[in-house]
Amino acid sequence: MHIQILIAALAIAPLAVTANAITLSEHGKTLYHIVVSDDATQQELTAAYQLHDYLKQVTGADFPVRSDSLIGPDEPQILVGQSKRVSKLASDVDWSALASDGIVIRTDGDKLILAGGRPRGSLYAVYSFLEDTVGCHWWTGTESYIPTKNKLDIPKLDIKYTPKLRYRETFYRDVNENPLFAVKLKLNGHFNNIPDEYGGHYNIIGWCHTFFQFLPPDKYFAAHPDWYSLIDGKRVDNKQLCLTNDEMRAEMTRVVLDLIKQNPTSGIISISQNDVDGGNCQCEKCKAIETEEESPSGPLIRFVNLIAADIEKQYPDMLVETLAYQYTLKPPAYIKPRENVVIRLCSIGCDFAKPADSDTNREFRDSMHTWSAIAPHLYVWDYVTDFARYIQPHPNMHVLGPNIKFFVGNKTMGLFEQGDAGCSIGEFVRLRAWVIAHLEWNPSSDQKQLTSEFLKGYYGSAAPFLQSYLELVHDSIGKNGQRLGCYNTDLSFLTLDVMSEATRLFDEAEKSVADDPVIFQRVRRERMTLDYAWLLRYNDLKKEAAAENVPFAPPFDPAVECDKFIERARQWNVGESRESRSFESYVPELKAMFAK
């Protein structure tokens, strides 16, 4: 018996260390334990067991999870989370500087350290290691690639990284419905619903547009009409608040302090204007401050600053968010946001075919520069979909990476990238969610490389054709010079030539994966955007062909294809056709386009 144990130990003894690398396992065997502190946090324990499970899938070896009191300091080990042992091995690390999400990935002799700030850093260190070093890829909430390796060699590693964006959110359906996928993408936003044992997430009290959430007119207006906007000489209950009314501010302060008391760990509360067209109060006091501050944002910031001062007395770590949105986009001339105030800057008026810092978007660009100069914290609400019709082409991908770099370069601490969270078949929504999340984690990443990585990993041999399709559609709007808003219904950039070439590329993409039913269905689902564009553009393209005296031979009968499109959309559980409208409610309108 002792001889057999000795032979087994000798067989796996070479696993431990080479000059510059560690061999974690070979032939399904390992000498390594995953080691956590005796007082490890819940999130660090989750990280350890996630590492155990994925290494088991990759190598076939069992990496037992043990507390450091049970494993000698000189044994081969993967140290997960903060501990005295890790602090000794990584004595140069300032753990407080890692904040909640920073990571440390480091080899030291036969040791591998995967740790980070609390609560989420160690989880992120584990997932970063598994993705970047081991080769695991989580493409969607239900689809992944986990490699199998007979021998797992780890190169010398020395990574210390704290994300520049404290708050990271990409608003897509798959991410929102699969919170454990959101963790792997290192997202932590309001809608991610990540369980505490996986690090939790930010919860913005009220989310946004909270004036009437907190002071609803049906409760207050009858007795206090002077709390609400004066418009054309009349107090109205469907616009904004009168921000210079001291009695209203006192009640707002009482309400928000009570909400914070109910949600003390949320981190952020929103005190922000309603989502209506203007409606800022025109009373004498409000107009005087607007004039003095040279912007309607003047009364807003003064109002929010006063409430934020009262909040800070009881909740010094609570941030108070307000919007720079539409009529409040322009910063005030003199007043500055308090240290505990976050300005949530909205890009809704931009041309999304052009970078946010381009001359085309100078109003937003210049406002961001000025807000960055006066505000202690910026949060950007960016729009990355078409709210008029989720499923149609929206060629804005080429600006995503440059925009995120621009935001981060101007003191942005949080980013909400609002995609089509209600729709499962929007234009490359899985690619977009994955790429944006990676750019939010590390804005210096190469977007082209990320896009190529996803296309190859998720679509296999169809990737080159899909890449060419994306380039074709994006180039077409550039040549057309058309403005791309987030409520865009003008698809004139999709000319007959572009649509014909797009069809050819998808035909080739489908042929290339015809023998793989899983990948074929992924490609077919992406083609829904092109199918929809054909339906929307059919009559215009027919006229274009007649005007240019060229053949018009689309690859389908529109009425038949419309029915097929509807059936496929239902098979893929499409959800919404546009913001706040179900696809089913849109079906009659779609069918009517080609009714006999």
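Residues numbered from 1 in each chain as written. Predicted model: local features only at pLDDT ≥ 70, side-chain atom pairs only at ≥ 80, totals over all residues. Heavy atoms only, no water.

**Overview of the environment of Asp 246**
Along the chain, the position of Asp 246 falls in helix α9 (residues 246–262). Remark: the alpha-carbon pair of Asp 246 and Trp 227, spanning 19 residues in sequence, is separated by 8.9 Å. Polar contacts involving the side chain of Asp 246 include one to the side chain of Arg 249, which spans 2.9 Å. (Helix = DSSP H or I, 4+ residues; strand = E, 2+ residues; numbered from the N terminus. Polar contact = N/O pair within 3.5 Å; in protein donor to acceptor, adjacent residues only side chain to side chain.)

**Regarding empty space enclosed by the protein**
As enumerated under the stated definition, the model contains 3 cavities of 30 Å³ or more in all. The volume enclosed by the largest cavity comes to roughly 90 Å³. As for the largest cavity, its lining consists of 14 residues, and the residues nearest its centre are Leu 243, Asn 280, Cys 281, Pro 296 and Tyr 327. Looking at the lining of the largest cavity, the elements that each hand over two or more residues are α10 (284–293) and α11 (297–314). Here the second largest cavity is characterised by a volume of approximately 50 Å³. Considering the residues around the second largest cavity, the lining is formed by Tyr 172, Val 384, Thr 385, Tyr 390, Gln 392, His 394, Asp 420, Gly 426, Glu 427 and Arg 432. A class-by-class count of the residues in the lining of the second largest cavity yields 3 nonpolar, 4 polar and 3 charged. (1 Å grid on protein atoms, 1.4 Å probe; cavity = no way out; pocket = protein on both sides within 12 Å on 5 of 7 lines; lining within 4 Å. Points joined across faces, edges and corners; volume = space filled by probe spheres on them. Nonpolar A, V, L, I, M, F, W, Y, C, P; charged D, E, K, R; others polar.)

**Topic: the pairing of strand β9 (residues 151–155)**
Where burial is concerned, the two faces of β9 differ: the one with Leu 152 and Ile 154 is buried and the one with Lys 151, Asp 153 and Pro 155 is not. Across 5 bridges, strand β1 (residues 21–26) lies against β9 in antiparallel orientation. Along β9, the bridge assignment pairs Ser 25 with Leu 152. (Buried < 20%, exposed > 50% of the residue type's maximum accessible area, 1.4 Å probe, protein only. Pairing = 2+ DSSP bridges.)

**Observations concerning the packing of aromatic side chains**
Taken as a whole, this structure holds 38 aromatic pairs when the rule is applied. Aromatic side chains Tyr 532 and Tyr 586 sit 6.4 Å apart centroid to centroid with 80° between the ring planes, which places their arrangement in the edge-to-face category. Here Tyr 586 lies in helix α20 (residues 583–592) and Tyr 532 lies in helix α18 (residues 517–547), a separation of 54 residues in the sequence. Three or more aromatic residues joined by ring pairs make a cluster, and in this case those are Phe 171, Phe 191, Trp 207, Phe 352, Trp 381, Tyr 383, Phe 387, Phe 416 and Tyr 487. Positioned above the aromatic ring of Trp 441 is the side chain of Lys 186, whose terminal nitrogen or guanidinium carbon lies 5.3 Å from the ring centre. The ring of Trp 207 carries the charged tip of Arg 344 above its face, separated from the ring centre by 4.6 Å. (Phe/Tyr/Trp six-rings, centres within 6.5 Å; stacked < 30°, edge-to-face > 60°. Lys NZ or Arg CZ within 6 Å of the ring centre and 35° of its normal.)

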